[in-house]
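Structure at a glance
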Amino acid sequence: MIQGDALAWLAETPSQPLDAVVTSLPDVSELPQLGPGLEGWKSWFVDAAARLMRWTTPGMPCLFFQSDIRHHGQWVDKAYLVQRAAETVGATLVFHKIVCRHPPGTLTQGRPSYSHLLAFSSGDPIVPKKPSADVLPDAGEMPWSRAMGTRACEAACRFLLNETPARRVVDPFCGKGTVLAVANALGLDALGVELSGKRCRAARKLDAAALASS
Ligand SMILES: C[S@@+](CC[C@H](N)C(=O)[O-])C[C@H]1O[C@@H](n2cnc3c(N)ncnc32)[C@H](O)[C@@H]1O
C-alpha cells in the first residue's frame, strides 16, 4: 500500500510486465477540488482512465468497476466515459459486465441498482477462452458504500488468472483495498495507491477471508 496521489505515482512508476490494473475511479462527489461543475470532473475522469490504459504493458488488461450516478437530474454513464478514454488510446473492450448492486426490479432513487465491470487491453486483443457471466446477480460484500463488491473482485481476478498472464493487481485508487485483498486470497500479488491515510490503513488490514464470512 502506498499513500499518495495516483496520477503522480503512475507518472513516476513504470508498470511491471505482468501488472494488470483493476480500479474504480473516484466519483464527482469525491473530488471537490475540481470545482462544482460536472464537466471538469468528466474531463479528469476520461484523462485518468486513459493514463491507466497507457500505463499497462501492451497485452495486459485494465479493468474498471464503476457505478453510474444521477447528478442534478442528469444520468452520468461512466461506462461511456471509460470507453471515450479507450478510444483516445486505441484500447479494445474485452468485456462489459453488469454487476447487480440490488436485485433486478428494485426501485432506486440515488445510485442505480447496478455497476459496470469493463475490461480493456491494448496491443494484441485478449480473446477469452472460457465463457463467463455477463450479468453478476450479486456484487458480494462491500466493506463500505463505494467499494467494489467481493464477487465482482473475484470475477475480475479469475479473468486475470484464467485468461491472461497477469500476476499482480494494481489499484491506484484502491479505497479500502477490496480487490487487493481478494487478489491476495486468490494467489495474485497486489499493490494499491490511495490518497486518504485512513483508507490506506483500512486497506492494509482488510482480509478477504474475514469479508467473505461477514
Ligand atoms: C471509488 S473509491 C475506490 C473504492 C475501492 N475500489 C474499494 O473497494 O474500497 C475511489 C478512491 O479514490 C481515492 N482517491 C481520490 N483521488 C485520488 C488520487 N488523486 N489518488 C489516489 N486516490 C485517490 C478516494 O479517496 C477513494 O478512496
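Look up a bit, the structure's there.
Let us look at the structure shown here.

Rules behind the numbers
Residues numbered from 1 in each chain as written. Predicted model: local features only at pLDDT ≥ 70, side-chain atom pairs only at ≥ 80, totals over all residues. Heavy atoms only, no water. Helix = DSSP H or I, 4+ residues; strand = E, 2+ residues; numbered from the N terminus. Rg over C-alpha atoms; globule rule 2.2 N^0.38 Å. Lys, Arg positive; Asp, Glu negative; His and termini not counted. Charge placed at Lys NZ, Arg CZ, Asp CG, Glu CD. Patch = residues over 30% accessible without salt bridge, like charges linked within 9 Å, V, L, I, M, F, W, Y side chains within 5 Å. Areas by Shrake-Rupley, 256 points an atom, 1.4 Å probe, with all protein chains shown as cover. Salt bridge = Lys/Arg side-chain N within 4 Å of Asp/Glu carboxyl O. Disulfide = S-S within 2.5 Å. Buried < 20%, exposed > 50% of the residue type's maximum accessible area, 1.4 Å probe, protein only.

**Focus on the overall build of the protein chain**
A count of helical and extended segments in the protein chain gives seven helices and ten strands. A compact globule built from 214 residues would reach a C-alpha radius of gyration of about 17 Å, and the protein chain, at 16 Å, matches this within 12%. Taken over the C-alpha atoms alone, the protein chain extends approximately 45 × 40 × 35 Å along its principal axes. Of note, the protein chain has its 22 positive side-chain charges centred 4 Å away from the centre of its 20 negative side-chain charges.

**Considering a positive patch on the surface**
A cluster of like positive charges, contributed by Lys198, Arg201, Arg204 and Lys205, occupies part of the molecular surface. Summarising the element assignment, Lys198 is placed in helix α6 (residues 197-205).

**Quick look at the state of the cysteines**
This structure, assessed with the given rule, holds zero disulfides. Cys153 provides the cysteine sulfur closest to Cys100, a residue in no disulfide bond, and the two sulfurs are 16 Å apart. A disulfide-free cysteine, Cys174 has its sulfur positioned 5.9 Å from the sulfur of Cys200, the nearest such atom. Here Cys174 falls in the buried class, since its relative accessible area comes to 6%.

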